[in-house]
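Remarks on the overall topology
As a plain string of letters, each chain reads:
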Amino acid sequence: MSVAERTFARIDTALKGYLRVLPAGSFTPLFNASPASAGPQLSEAAQDALPDGVVQYLRSMNEKLNAILALLTQQSLQEDFPVGILVHDISGAGLRFSAGRDFNLGQCVEVVLALGSQPQALAGATGVLIREEEHRGHKVWALEFKEMRESEREKIVQFVVARQREQLRERHLSPST
């Protein structure tokens, strides 16, 4: 994809991800993120009806269960997506990554990206390896997303926009030299 064709902002990053090689021409994803909802919420009336401390206790239990589920998810990801990757830059259209193995151009892959850790935010996509580059003595692969749920793309775009805001704040707050 040339620079002129880009419709998504791209940022440099260092994200951990997981990859699996797909059969040629196949873009059927294995990863299925659960809805990004915060879970069931108690109404104000229900909270008021509970004794003091019970709501806080339930929130604490919810956080602990989320941590346990995140660990189980990570274990499952490592089994289903055996290739660990490091993402160097990302946009809503694709990413560049390095890995501990070689790939073939045109190869179909599925990736799952850890966009955050608390709570663990995961996004998945399938795509095609379109380019191999050298970057600081390491092979870096360019992946163009092909099949992706709109909710997954939105997670990535929101991540990119949030990082751009952080970078702008840092530039604005840093003393000019």
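See above for the structure.
Residues numbered from 1 in each chain as written. Predicted model: local features only at pLDDT ≥ 70, side-chain atom pairs only at ≥ 80, totals over all residues. Heavy atoms only, no water.

Points about the overall build of the protein
Assigned secondary structure in the protein consists of three helices and six strands. For the protein, the succession of helices and strands along the chain, N to C, is β-α-α-β-β-β-β-β-α. Across the 177 residues that make up the protein, the buried fraction comes to 33%. Across the protein, every contact between residues at least 6 apart in sequence was considered, and the portion connecting residues at least 24 apart equals 67%. Put simply, the protein shows about 11,300 Å² of open surface, and 53% of that area lies on carbon and sulfur atoms. (Helix = DSSP H or I, 4+ residues; strand = E, 2+ residues; numbered from the N terminus. Buried < 20%, exposed > 50% of the residue type's maximum accessible area, 1.4 Å probe, protein only. Contact = heavy atoms within 4.5 Å. Areas by Shrake-Rupley, 256 points an atom, 1.4 Å probe, with all protein chains shown as cover.)

Some points on the environment of Gly-84
With respect to the helices and strands, the residue Gly-84 is situated in strand 2 (residues 83-90). Classification of Gly-84 by relative accessible area gives partly exposed; the value is 46%. A C-alpha to C-alpha distance of 7.5 Å links Gly-84 and Gly-100, two positions 16 residues apart in sequence. With residues up to four places along the chain from it excluded, the contact list for Gly-84 reads Gly-17, Ser-98, Ala-99 and Gly-100.

Quick notes on the packing of aromatic side chains
Applying the stated criterion across every chain yields a total of two aromatic pairs. Measuring from ring centre to ring centre gives 5.7 Å for Phe-97 and Phe-103, while their planes differ by 75°; the resulting arrangement is edge-to-face. Relative accessible area serves as the criterion here: at 0%, Phe-97 is assigned to the buried category. (Phe/Tyr/Trp six-rings, centres within 6.5 Å; stacked < 30°, edge-to-face > 60°.)

Comments concerning the environment of Lys-155
For Lys-155, the position within the fold is in helix 3 (residues 150-173). Considered as a pair, Lys-155 and Leu-122 are 33 residues apart in the sequence and their alpha carbons are 8.3 Å apart. Of note is the side chain of Lys-155, whose polar atom sits 3.2 Å from the side chain of Glu-152. (Polar contact = N/O pair within 3.5 Å; in protein donor to acceptor, adjacent residues only side chain to side chain.)

Things to note about the pattern of salt bridges
Enumeration over the complete set of coordinates arrives at ten salt bridges. As a salt-bridge pair, Arg-96 and Glu-133 come within 2.5 Å of each other at their nearest N and O atoms. Of this pair, Arg-96 sits in strand 3 (residues 94-99) while Glu-133 sits in strand 5 (residues 120-135), and the two are 37 residues apart along the sequence. For Arg-96, a relative accessible area of 16% corresponds to the buried category. According to the relative accessible area criterion, Glu-133 is partly exposed, its value standing at 24%. A salt bridge links Arg-163 to Glu-166, with the shortest nitrogen-to-oxygen separation between them at 3.2 Å. You can see Arg-163 and its partner Glu-166 sitting in helix 3, three residues apart, about one turn around the helix. One salt-bridge network, in which partners are shared between bridges, spans Arg-10, Asp-89, Arg-96, Arg-131 and Glu-133. (Salt bridge = Lys/Arg side-chain N within 4 Å of Asp/Glu carboxyl O.)

Looking at the nonpolar core
Ranked by size, the top nonpolar core spans 24 residues in total, and within it Ile-90, Leu-95, Phe-97, Leu-113 and Ile-156 carry the most contacts. Secondary structure elements with two or more residues in this core: strand 1 (11-21), strand 2, strand 3, strand 4 (108-117), strand 5, strand 6 (138-147) and helix 3. Filtering out sequence-adjacent residues up to four positions away, Ile-90 remains in contact with Ala-9, Arg-10, Ile-11, Thr-13, Leu-15, Leu-95, Leu-113, Ile-156, Phe-159 and Val-160. If you look at the next biggest cluster of nonpolar residues, it comprises seven residues, including Tyr-18, Leu-77, Val-112 and Ala-114. (Core = buried A, V, L, I, M, F, W, Y, C linked by side-chain atoms within 4.5 Å.)

A look at the side chain of His-88
In this structure, His-88 sits in strand 2. Taking relative accessible area as the criterion, His-88 reaches 18% and is therefore assigned buried. There is a polar contact of 2.8 Å between the side chain of His-88 and the side chain of Ser-98.

Everything listed is a geometric property; what it means functionally is a separate question.
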